[in-house]
2 protein chains.
Amino acid sequence: MRLLIYRFLAEKQVAVTLSDIENAFDKADRTTLYRTIKTFEEKAIVHQIDDGTGITKYALCEKGCNCEIETDLHLHFHCNNCNETVCLTAHKIPQIKVPKGFVSENVNLVVKGICDKCSGH
Amino acid sequence: MRLLIYRFLAEKQVAVTLSDIENAFDKADRTTLYRTIKTFEEKAIVHQIDDGTGITKYALCEKGCNCEIETDLHLHFHCNNCNETVCLTAHKIPQIKVPKGFVSENVNLVVKGICDKCSGH
DNA sequence: GCACTAATGCACTTCCATTGCATGCGTTAA
DNA sequence: TTAACGCATGCAATGGAAGTGCATTAGTGC
Ligand SMILES: [Mn+2]
Ligand SMILES: [Mn+2]
Ligand SMILES: [Zn+2]
Ligand SMILES: [Zn+2]
């Protein structure tokens, strides 16, 4: 099961929800899929993405990411048209200045707009 | 009711959840509070904040913000210690570069860490 | 007071996330 | 060969937050 889910995530180029996985594996129980993803998360195989849709999405971590230590520093893009969310792993989050007294530990950055597939160029 | 809720938001210095408001006004019905906040949101009196906790929070818009037209451009800070979220209205979100073909419409930026009250200086 | 509109309250629903408990299955150790 | 154990799976139930339909009430202008 874990292998199957891993492969499913690997071939997908976008972040997926739990119900995406459920649809792909309708013979398996929701709980199994849920716990598999949670296991992946603990082991820093996938990372969670909160793109503001209210439904948490998951995507494979890139090689050499340090999810366990620090949050992924790349930004995420959510398309308002096709509703898909992608990791822009090549685009690192710039240093954010915070006021005196505040200590920044990690940053969550989601850009919304139109993705390359939907913008048509 | 609207006045009361407005004042409640005004004296709070942090973003509040719906259940925060419920606790503050336990005589009123959830629905009323819910719809009041939604009205405020439509009228751009408050803006919604998704700080990644899974529970949407709300905070008063600053004077002259253009929430109706564009999303608020300031960043939000979520404290991992006291679990409070504040608007850093003075800190605008820097321009984010996106890959070719992507069109950025708005940006959600949440910094997590330790707030000034919790860091102790 | 009457009529109309807007605000409030109650109940119910939906959706997602999460958990307890029972069962199954495979591997190891007696 | 079997008993025991750990772990994966499945089923069912729970909880929390968000949202909605409908009845009732309050307020406002006439
Ligand atoms: Mn990512
Ligand atoms: Mn804000
Ligand atoms: Zn798209
Ligand atoms: Zn704090």
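Structural data are supplied above this passage.
Since we're looking at a predicted model, the values are computed, not measured.

Cut-offs used in this document
- Residues numbered from 1 in each chain as written.
- Chains lettered and ligands numbered in written order.
- Predicted model: local features only at pLDDT ≥ 70, side-chain atom pairs only at ≥ 80, totals over all residues.
- Heavy atoms only, no water.
- Donors = N, O, S within 2.8 Å, 3.2 Å for Na, K, Ca; no water.
- Tetrahedral: all angles 85-135°; square planar, octahedral: opposite > 155°, others 65-115°.
- Buried < 20%, exposed > 50% of the residue type's maximum accessible area, 1.4 Å probe, protein only.
- Phe/Tyr/Trp six-rings, centres within 6.5 Å; stacked < 30°, edge-to-face > 60°.
- Helix = DSSP H or I, 4+ residues; strand = E, 2+ residues; numbered from the N terminus.
- Pairing = 2+ DSSP bridges.
- Axes fitted to C-alpha atoms, helices over the stretch in contact; angles between N-to-C directions.
- Least-squares fit on C-alpha atoms with pLDDT ≥ 70 in both.
- Contact = heavy atoms within 4.5 Å.
- Near = heavy atom within 4 Å.
- Polar contact = N/O pair within 3.5 Å; in protein donor to acceptor, adjacent residues only side chain to side chain.

1. Describing the coordination of the zinc ion (ligand 3)
Residues and elements named next belong to chain A.
Step number 1: Looking at the metal site, the zinc ion (ligand 3) is ligated by Cys-79 (SG), Cys-82 (SG), Cys-115 (SG) and Cys-118 (SG), spaced 2.2 to 2.4 Å from it.
Step number 2: For the zinc ion (ligand 3), the four donor atoms in the first shell make angles of 104 to 114° at the metal, so the coordination geometry reads as tetrahedral.
Step number 3: Donor residues binding the zinc ion (ligand 3) come from one chain and are separated in sequence as C-x2-C-x32-C-x2-C.
Step number 4: Relative accessible area serves as the criterion here: at 6%, Cys-115 is assigned to the buried category.
Step number 5: Residue Cys-118 is classed as partly exposed on the basis of its relative accessible area of 29%.

2. Things to note about the packing of aromatic side chains
Step number 1: Enumeration over the complete set of coordinates arrives at six aromatic pairs over all chains.
Step number 2: With a centroid separation of 4.8 Å and 80° between ring planes, the pair formed by Phe-102 of chain A and Phe-77 of chain B is classed as edge-to-face. One end of the pair, Phe-102 of chain A, is in the loop between strand E5 (85–92) and strand E6 (103–114); the other, Phe-77 of chain B, is in strand E4 (residues 74–79), on a second chain. The burial state of Phe-102 of chain A is the same as that of Phe-77 of chain B; both residues are buried.
Step number 3: Centre to centre, the rings of Tyr-6 of chain B and Phe-40 of chain B are 6.5 Å apart; their planes meet at 85°, and the pair counts as edge-to-face.

3. A look at the sheet that holds E4 of chain B
Step number 1: Read from one edge to the other, the open sheet built from six strands follows the order E5(A)-E4(A)-E6(A)-E6(B)-E4(B)-E5(B), with strand pairing classed as mixed. Looking at the sheet topology across the chains shown, the edges are occupied by E5 of chain A together with strand E5 (85–92) of chain B. Neighbour-to-neighbour, the strand axes of the sheet open up by a mean angle of 30°, direction not taken into account.
Step number 2: In the sheet, E4 of chain B pairs with strand E6 (residues 103–114) of chain B via four bridges, with the strands oriented parallel.

4. Some points on the relation of the copies chain A and chain B
Step number 1: The operation relating chain A to chain B is a screw motion whose rotation component is 179°, with 0.0 Å of axial translation and a residual RMSD of 0.2 Å. Taken together, the turn and the small shift mark the pair as related by a two-fold rotation axis. When each C-alpha of chain A is compared by its distance to the rotation axis, Leu-109 of chain A comes out closest, at 2.3 Å.
Step number 2: Both copies contact each other with a shared surface, as 100% of the interface residues of chain A are interface residues in chain B too.

5. Considerations on the protein's contact with DNA strand D
Step number 1: Lining the immediate surroundings of DNA strand D are 15 residues, of which Met-1, Arg-2 and Arg-35 of chain A together with Tyr-34 and Thr-56 of chain B lie closest.
Step number 2: A breakdown of the atoms of DNA strand D within 4 Å of the protein gives sugar and phosphate a share of 63%.
Step number 3: The separation between a base nitrogen of DNA strand D and a polar side-chain atom of Arg-30 of chain B is 3.3 Å.
Step number 4: Here a phosphate oxygen of DNA strand D and a side-chain polar atom of Tyr-34 of chain B are 2.7 Å apart.
Step number 5: Listed by contribution, the elements that provide at least two residues to the surface near DNA strand D are helix H3 (30–42) of chain A together with helix H3 (30–42) of chain B.
Step number 6: Of the residues forming the surface near DNA strand D, the biggest block, five residues, is contributed by H3 of chain B.

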